[in-house]
Amino acid sequence: MMRLVQRNWRPALAAGLVLFQVVMIVHARFDPRRYFCWAPHDAQNEYGIEVRVGGRVLSREETWARYRDPLQGLDPRSIEHVLLMVRQHERTYGKNDGALVRVTYRTNGGPWREWNWPEP
Amino acid sequence: MELARTMSLARHNPLRCAGTALPPNLLLAAKLVFLCLVLKGYVRAIPEPFLPMLSLFDQLPRPDLVRLGLQTMFVTGGLAVWFNLAPRLGAFAAGAALLLAILGARTFYTNGTFFCAALLMLTGLYQDRRGLWLLRAQFVVMYFGSALNKLLEPDWRDGRYFDHWLGTLQGSVLYDWVDPFLPPLFLATALGWSVIAGEFFLVIALAVPRLQRAGVWTAIVMHTVSVTLAQQDFSVFFSALLVSFLVFAEWPLPGTVAGYVEARRAAEKWFERFASRLDLDGMIRWMPLNVNAARPPHPRLVFGPRGRVYHGLAALNATLLLLPAVYYPLTALVAASHVIPYKLWLAAVWCLVLWFFPATSWLASRRSPRTGAGNPDATCTPQA
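Since we're looking at a predicted model, the values are computed, not measured.

Caption draft 1: Quick peek at unusual backbone geometry. Residue and element names in this part refer to chain A. At the junction of Trp-117 and Pro-118, the peptide bond is cis and its omega measures out at 0° in the coordinates. Mapping Pro-118 onto the fold places it in the segment after β5 (113-117). If you check the backbone angles, Phe-36 has positive phi at about 55° while not being a glycine. Secondary-structure assignment places Phe-36 in the loop between α1 (2-27) and β1 (45-53). By relative accessible area, which is 6% here, Phe-36 ends up buried. We note that His-41 has phi near 55°; this positive angle belongs to a residue other than glycine. On the secondary structure map, His-41 appears in the loop between α1 and β1.

So, in structure tokens, the structure goes:
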């Protein structure tokens, strides 16, 4: 048994890495985040982020420092990637700031939409 | 003693790829992927943990030290690959460093970065022939995921994606020039479906050994068209993908390829000397050619593995493509889109693709007045 493991751990681990991606491709059908599932450039999302902390709107530099993402931008991944960064930041690092965040975005030139934090 | 030391040092020359635990083509692919990553600034780009995918990274006390650790792991691993020190371990370490950086910082995730991480890790996990099979499966899974995700996007099917991206966001000159001559959204819809169909074709072609060569060239042309239309090379993805197609190459054993040149031709002798100097793995044995004076000889004959015979431009290319030293400057060029004016870079990439495209060699052979219509083997006899 030990010999079998010793002889096959490399291919087993490699197969695991490839299979993980297959699982993520299936998972992407039920999860809008779409990580590790080969969904590059599936959508073009134009977005803008407005952050208010203590009643003051954060500048471009402050927004970059907060999310390491630009105030306005174009993201070729799912828009959930941007929303998730904001959501995760406000739930963890920035949870005591009481920030009000508004993300406006549109996908592939469709209608503009708005997403707010805190989420209703 | 001195000779032994020199030979030992020579084994660690980055331009050598034979004689390690990895097949030469796989080792070369890993070296070139690392080169692409370095040229694209990935050493500095590896971030400290921030908004991680795994919350474990938030528990680590010194994010700056985590970043330094990942950078060290990436660079050390890459150098171990480059200098043939411990190529499997090195490739795995470099790939794992990238994957850990992604898991530690959501902002670092891109498909190109993950592709390089997966390829390097799979290289590190290579074992016998099964390893190569799994590396090829990586491409099949990637194109399957990509094709399926696009197929299930309504905007990809009805053309809205391409119309907005190329027409509005990119302002693609080519798209804007052709689109007005066609019905609304026709071009965008055709582009969307051709990408989906092309990627599904690649899934099949790259999975079936007989179709892999066609698959690789289809992919190279598709991605080159895509960087032409998009006017960007998608960071490291384009260059790393192109060099990683080496995992599909049939790489011969050192010394099993015979190259024949006609001694009277100065250019051919010069080419032999040039290729010999770069051929650190000793892939090609050069020999003189017996010329049948009644018919003009074919310049440069290369007898490849499995009895394949190349001549003319195909022989030149077959020789160049067996020399790892040739790949380094070409890879650096393909990865240099951020330092060269884009149109110039694009022209250079297209020249490279067309130069090495199999049909170019075929056309050059047919058009060359020196080749005649007959079988080139009949015009000259290799002299062992």
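Caption draft 2: Representation of the interface of chain B and chain A in the model. Between chain B and chain A, the contact holds 47 residues from the first and 42 residues from the second. Of the roughly 4,200 Å² buried at the junction of chain B and chain A (both faces included), carbon and sulfur atoms supply 63%. The tally of links between chain B and chain A comes to three salt bridges. Linking Arg34(A) and Glu153(B) is a salt bridge whose minimum nitrogen-to-oxygen distance equals 2.9 Å. At the junction of chain B and chain A, the tally comes to 19 residue pairs in polar contact (both at pLDDT 80 or more). Those elements giving two or more residues to the side of chain B that touches chain A turn out to be α6 (87-104), α7 (111-124), α8 (128-151), α9 (154-157) and α10 (160-169) of chain B. Among the elements that make up the side of chain B that touches chain A, the one with the highest residue count is α8(B) (12 residues). Among the residues making up the side of chain B that touches chain A, the classes are represented as 27 nonpolar, 11 polar and nine charged.

Caption draft 3: Seen up close, the packing of α7(B) against helix α14 (residues 237-244) of chain B. Residues and elements named next belong to chain B. Running from N to C, α7 and α14 point in directions that differ by 30°, and their axes come no closer than 9 Å. Between α7 and α14, the angle falls in the class roughly parallel. Of the two possible hands of crossing, α7 and α14 adopt the one that is left-handed. Contacts from Gly-112, Phe-115, Cys-116 and Leu-119 of α7 reach α14 at Phe-237, Ala-240, Leu-241 and Ser-244. Taken together, the residues of the contact of α7 with α14 sort by class into six nonpolar, two polar and no charged.

Caption draft 4: Layout of α14(B). In terms of burial, α14(B) is a largely internal element, eight of the eight residues being buried. All of the buried residues in α14(B) are Phe237(B), Phe238(B), Ser239(B), Ala240(B), Leu241(B), Leu242(B), Val243(B) and Ser244(B).

Caption draft 5: A look at the pairing of β1(A). Residues and elements named next belong to chain A. Two strands pair when backbone bridges link them, and β1 and strand β3 (residues 72-75) are joined in this way by four bridges, in the antiparallel orientation. Looking across to β3, one finds that Glu-46 is bridged to Leu-74. In this sheet, strand β4 (residues 100-107) lies alongside β1 in antiparallel orientation, the contact comprising eight bridges. Bridging from a neighbouring strand, Glu-46 pairs with Arg-106 of β4. Pairing analysis gives two bridges linking β1 to strand β2 (residues 56-57), with the strands arranged antiparallel. Counted as the bridge partner of Arg-52 is Val-57 from β2. Counted along the chain from β1 to the antiparallel partner β2, the turn is two residues long, and its residue Gly-54 has a positive phi close to 60°.

Caption draft 6: Structural detail: the packing of aromatic side chains. Inspection of the entire model under this criterion finds 27 aromatic pairs over all chains. On the numbers, 6.2 Å between centres and 90° between planes, the contact of Phe271(B) with Trp286(B) is edge-to-face. One end of the pair, Phe271(B), is in helix α15 (residues 266-278); the other, Trp286(B), is in strand β2 (residues 284-291), and 15 residues separate them in sequence. A single burial state applies to Phe271(B) and to Trp286(B), both of which are buried. An aromatic cluster is present here, built from Phe20(A), Tyr35(A), Phe36(A), Trp38(A), Tyr109(B), Phe114(B), Phe115(B), Phe139(B), Phe237(B), Phe245(B) and Phe248(B) joined pairwise through their rings. A cation sits over an aromatic face here: Arg68(A) above Phe50(B), 4.0 Å from the ring centre.

Reading guide: rules and limits
- Residues numbered from 1 in each chain as written.
- Chains lettered and ligands numbered in written order.
- Predicted model: local features only at pLDDT ≥ 70, side-chain atom pairs only at ≥ 80, totals over all residues.
- Heavy atoms only, no water.
- Helix = DSSP H or I, 4+ residues; strand = E, 2+ residues; numbered from the N terminus.
- Buried < 20%, exposed > 50% of the residue type's maximum accessible area, 1.4 Å probe, protein only.
- Contact = heavy atoms within 4.5 Å.
- Buried area = accessible area lost by both parts, 1.4 Å probe.
- Salt bridge = Lys/Arg side-chain N within 4 Å of Asp/Glu carboxyl O.
- Polar contact = N/O pair within 3.5 Å; in protein donor to acceptor, adjacent residues only side chain to side chain.
- Nonpolar A, V, L, I, M, F, W, Y, C, P; charged D, E, K, R; others polar.
- Axes fitted to C-alpha atoms, helices over the stretch in contact; angles between N-to-C directions.
- Parallel < 35°, antiparallel > 145°, perpendicular 65-115°, else oblique.
- Left-handed = near helix turned anticlockwise from the far one by under 90°.
- Pairing = 2+ DSSP bridges.
- Phe/Tyr/Trp six-rings, centres within 6.5 Å; stacked < 30°, edge-to-face > 60°.
- Lys NZ or Arg CZ within 6 Å of the ring centre and 35° of its normal.

Geometric values such as these leave the question of function open.
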